[in-house]
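Each chain, letter by letter, is given below.
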Amino acid sequence: MKKTGAQILCESLIEEGVEVIFGFPGGVLLPFYDTLPQYPKLRHILVRHEQGAAHAADGYARATGKVGVCMATSGPGATNLVTGIANAYLDSSPIVALTGQVARAFIGKDAFQEIDITGITLPITKHSYVAMEASSMANIVKEAFYLARTGRPGPVLIDLPKDVQTEEAEYRQPGKVNLPGYKVPSKGHPTQIKSAAKLINEAQRPLIIAGRGVIISGAGAELKQFAETGQIPVITTLLGIGCFPENHILSYGMAGMHGSGYANKAIDNTDLLIAVGMRFDDRVTGELSAFAPHARIIHIDLDPAEIGKNVRVNVPIVGDVKAVLQALNKLVNTTDHVEWIQELDELRKQHPMTDIRDSAGLLPQYIIRQIYEATGGDAIVVTGVGQHQMWAAQHYIHNEPNRFISSGGLGTMGFGLPASMGAKVGCPDKTVWCIDGDGSLQMTIQELATLVQDDIAVKIAVLNNGYLGMVRQWQDLFYDKRYVATPLSCPDFVKVAEAYRIAGLRVTQREEVAPAIAQAMQHDGPFLIDFMVEPEENVYPMVPPGAAIAQFIEEPKKEVSTWPRTSTP
Ligand SMILES: Cc1ncc(C[n+]2csc(CCOP(=O)(O)OP(=O)(O)O)c2C)c(N)n1
Ligand SMILES: [Mg+2]
């Protein structure tokens, strides 16, 4: 039977298991939108800015493990997606971005709202397509989803000229995807795995550093078995958070610029670093020449391009983390490393991480801990970018994968609210907390309207410090406290919420924190709490930019509280 390009698109999306599209319409997408009501299985969520659609698709993908879908019209709609696509690319998040395009005859004519979006997004997509005939639509969609979710996941874009959406073609479900140039490494080379096992069995002070690859690969159980068998301590990257339970006795938390002192010292002292599904980002390694100075390094990663990119590796293993760990688990001896673990426990005592000092003021760390207590750790936590993000990583205890959703590689302020929206849509039965900064929230605040229109019950905690706090912190520590362009005036967020018909509260006192969180969680629907936190609180520990990771600055003993705030304009 003949169908239009738009119909074939919808059928193909349903074939791929798509349930929701985060989108925003425009002229060249009208044929698609006109067709959409024929497919009630496809829920469309109207965002308020296309950046929100891309982040929502990303948050949905991370929370569910499925491919997220976003959609935008040609020209400005498409360019508004760019930040979100880049964000998904850097964090290996599988999304499919659908963009409208001018009709075929107008392509290349600088037509109204024509933009070369496949050109613009070339370096930030895994692949992209222009669907030039309705007859190729089904194959393109099938390939796009296959590419997005297999191997190292990432964004794929499909550009949809207007007249292709109305063109008719025979619809046949495509067969198996056949992409001769696209190979996904699977098991890892047995010789390399053997060499790795030998090093692991000989090591005195082995250390696992686990990243998002473990989560993507669904290798949590294998990692646990690996760590337990070899009694190997585990630290994670920011995006690896949750791949290994932080309440596990072998967990030593997050490493890197704001990682725990003991995780960073562990890297400094280990004789064998086993890097699993991580890519040695500079926020994790610090000064490269001083990174893991006593260690041999085993690097397990699916993407061969990551091997040897930043760090010299002794045993590279290119393969799916789950399969490689399964193979390693057969070769690793049951052993213990009592002295090494005692040493790390001693370091943990010397550099405590999760203690929160007593303060008359409202400490952001305390709020995060209260959210953890109130949810029993059973929530999805989504963040913006800045100090609040780091506190959410540090002071909430993350025990499960895909429950801490944060922008790592791109560090995109504005990610929090739309990504939390996507997470909640994907996991409606989960409590979703968006922990945001006053700066980050203002970047995508318009999505509050989407929460209301589509009944998405995200709970929002704004850690309102009146500053672009993380940048202010750098000015505080490295620019003699010259706070240029970082004091930030904000609207009354509670009134803003109210204007959007969202319930909200302002919290200024420590005693109000727990009741406010409880009220937010009991409330049926979205809820916003504006926490007026200590304005000049800093995130510690901190590895100064350019320093070795073992050279972190620790929290100075603060006696005097800076509360009430003095610096907000
Ligand atoms: C889109 C974007 N612009 C600029 C930055 C640089 N930047 C990183 S953190 C930060 C401050 C964030 O402020 P806020 O959201 O209030 O969080 P806080 O650090 O105060 O908790 C800025 C400006 C960024 N990461 N993303
Ligand atoms: Mg702030």
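Anything mentioned here points back to the structure above.
Here's a quick rundown of the structure. Bear in mind that the values here come from a model prediction, so they are computed numbers and not experimental data. (Residues numbered from 1 in each chain as written. Chains lettered and ligands numbered in written order. Predicted model: local features only at pLDDT ≥ 70, side-chain atom pairs only at ≥ 80, totals over all residues. Heavy atoms only, no water.)

In this structure, Asp438 (OD), Asn465 (OD1) and Tyr467 (O) serve as the protein donors to the magnesium ion (ligand 2), at separations of 2.0 to 2.2 Å. Positions of the donor residues of the magnesium ion (ligand 2) along the chain correspond to the pattern D-x26-N-x1-Y. Of this pair, Asp438 sits in helix α19 (residues 438–443) while Asn465 sits in the loop between β18 (459–464) and α21 (469–478), and the two are 27 residues apart along the sequence. Across this residue pair, the class does not change: Asp438 and Asn465 are buried. (Donors = N, O, S within 2.8 Å, 3.2 Å for Na, K, Ca; no water. Helix = DSSP H or I, 4+ residues; strand = E, 2+ residues; numbered from the N terminus. Buried < 20%, exposed > 50% of the residue type's maximum accessible area, 1.4 Å probe, protein only.)

On to the site of ligand 1, then. Taken together, 17 residues are adjacent to ligand 1, and Gln387, Gly411, Asp438, Ser440 and Gly469 come closest. Separating an oxygen atom of ligand 1 from a side-chain N or O atom of Asp438 is a distance of 2.7 Å. Note that an oxygen atom of ligand 1 is positioned 2.8 Å from one of the backbone N or O atoms of Gly439. Surface burial for ligand 1 is 76%, taken as the share of its 580 Å² of free accessible area covered by protein chains. Elements that contribute at least two residues to the shell around ligand 1 include exactly α17 (387–395), α19 and α21. Tallying contributions element by element places α19 first for the shell around ligand 1, with four residues. Broken down by class, the residue content of the shell around ligand 1 amounts to seven nonpolar, nine polar and one charged. (Near = heavy atom within 4 Å. Polar contact = N/O pair within 3.5 Å; in protein donor to acceptor, adjacent residues only side chain to side chain. Areas by Shrake-Rupley, 256 points an atom, 1.4 Å probe, with all protein chains shown as cover. Nonpolar A, V, L, I, M, F, W, Y, C, P; charged D, E, K, R; others polar.)

Our next topic: the nonpolar core. Counting 60 residues, the largest nonpolar core has Ile208, Phe226, Ile274, Ile298, Ile300 and Leu328 as its most contacted members. The residues contacting Leu328, other than those within four sequence positions of it, are Ile193, Ala196, Ala197, Ile200, Phe226 and Ile300. Residues Ala56, Ala72, Leu448 and Leu451 belong to the second largest nonpolar core, which totals 47 residues. (Core = buried A, V, L, I, M, F, W, Y, C linked by side-chain atoms within 4.5 Å. Contact = heavy atoms within 4.5 Å.)

Within this structure, the stated rule accounts for zero disulfides. There is no disulfide at Cys10, and the cysteine sulfur nearest it, in Cys70, is 15 Å away. (Disulfide = S-S within 2.5 Å.)

Tallied over the full model, the rule gives eight aromatic pairs. Relative to Tyr182, the ring of Tyr146 lies with its centre 6.0 Å away and its plane at 75°, an arrangement referred to as edge-to-face. Remark: Tyr182 occurs in the loop between β8 (168–170) and α9 (190–202) and Tyr146 occurs in helix α7 (residues 137–149); sequence separation between them is 36 residues. Classification of Tyr146 as partly exposed rests on a relative accessible area of 28%. Accessibility expressed as a relative area gives 22% for Tyr182, which makes it partly exposed. Ring geometry for Phe280 versus Phe291: centroids 5.9 Å apart, planes at 85°, classification edge-to-face. With Phe280 in the loop between β12 (272–276) and α13 (282–285) and Phe291 in the loop between α13 and β13 (296–301), this pair connects stretches of sequence that are eleven residues apart. (Phe/Tyr/Trp six-rings, centres within 6.5 Å; stacked < 30°, edge-to-face > 60°.)

Quick look at the side chain of Thr150 now. Tracing the chain through its elements places Thr150 in the loop between α7 and β7 (156–161). Ignoring anything within four residues of it in the chain, the contact list for Thr150 reads Lys126, Tyr182 and Val184.

For helix α5 (residues 82–90), the set of buried residues is Gly84, Ile85, Ala86, Asn87 and Ala88. On its buried face, α5 is in contact with α3 (50–64), β5 (95–101) and β7. Looking one or two residues past α5, Ser92 carries a phi angle of roughly 50°, positive in sign.

Counting buried residues in β12 gives five out of five residues, a clear majority hidden from the surface. With burial as the criterion, each face of β12 is covered, one bearing Leu272, Ile274 and Val276 and the other bearing Leu273 and Ala275. Of the strand pairs in this sheet, strand β9 (residues 206–210) and β12 are connected by five bridges, and their pairing is parallel. The partner of Ile208 across the bridge, within β12, is Ile274. (Pairing = 2+ DSSP bridges.)

Turning our eyes to something else, we now look at the pattern of salt bridges. Scanning the entire structure with this criterion turns up 27 salt bridges. Among the ionic pairs, Glu16 bridges to Arg149, the shortest N-O distance being 3.0 Å. Residue Glu16 is found in the loop between α1 (5–15) and β2 (20–23), and its partner Arg149 is found in helix α7; the two are separated by 133 residues along the sequence. Looking at Arg149, the relative accessible area reads 42%, which means it is partly exposed. Between Arg152 and Asp303 there is a salt bridge, with the nearest N and O atoms lying 2.9 Å from each other. Taken together, the residues Arg152 in the loop between α7 and β7 and Asp303 in the loop between β13 and β14 (315–318) connect sequence positions 151 residues apart. Exposure remark for Arg152: the relative accessible area of 26% places this residue in the partly exposed category. (Salt bridge = Lys/Arg side-chain N within 4 Å of Asp/Glu carboxyl O.)

Attention now goes to unusual backbone geometry. Here the bond from Tyr540 into Pro541 is cis, since omega is -5°, no more than 30 degrees from zero. Within the element layout of this structure, Pro541 appears in the segment after β20 (527–532). A positive phi angle, near 60°, is found at Gln113, a position not held by glycine. Relative accessible area serves as the criterion here: at 28%, Gln113 is assigned to the partly exposed category. In this model, Phe280 sits at a positive phi of 50°, which is unusual for a non-glycine residue.

On to the side chain of Asp303. Among the residues examined, Asp303 registers a relative accessible area of 19% and is labelled buried. Within the structure, the side chain of Asp303 is placed 2.9 Å from the side chain of Arg152, a separation counted as a polar contact.

Here we take up the sheet that holds strand β17 (residues 431–437). Read across the open sheet, the six strands follow the order β16-β15-β17-β18-β20-β19; overall the sheet is parallel. The open sheet terminates on both sides in strands that have one partner only, identified here as β16 (404–405) and β19 (503–507). By the bridge criterion, five bridges tie β19 to β20 in an arrangement that is parallel. Paired with Gly504 across the bridge in β20 is Leu528. Against the sheet, helix α18 (residues 416–426) makes contact with β15 (379–383), β16, β17 and β18, and its axis sits at roughly 175° relative to β17, the strand it touches most. (Axes fitted to C-alpha atoms, helices over the stretch in contact; angles between N-to-C directions.)

With that settled, the discussion passes to the environment of Cys490. Looking at the secondary structure, you find Cys490 in the loop between α21 and α22 (493–499). Separated by 293 residues in sequence, Cys490 and Ala197 have C-alpha atoms that sit 55 Å apart.

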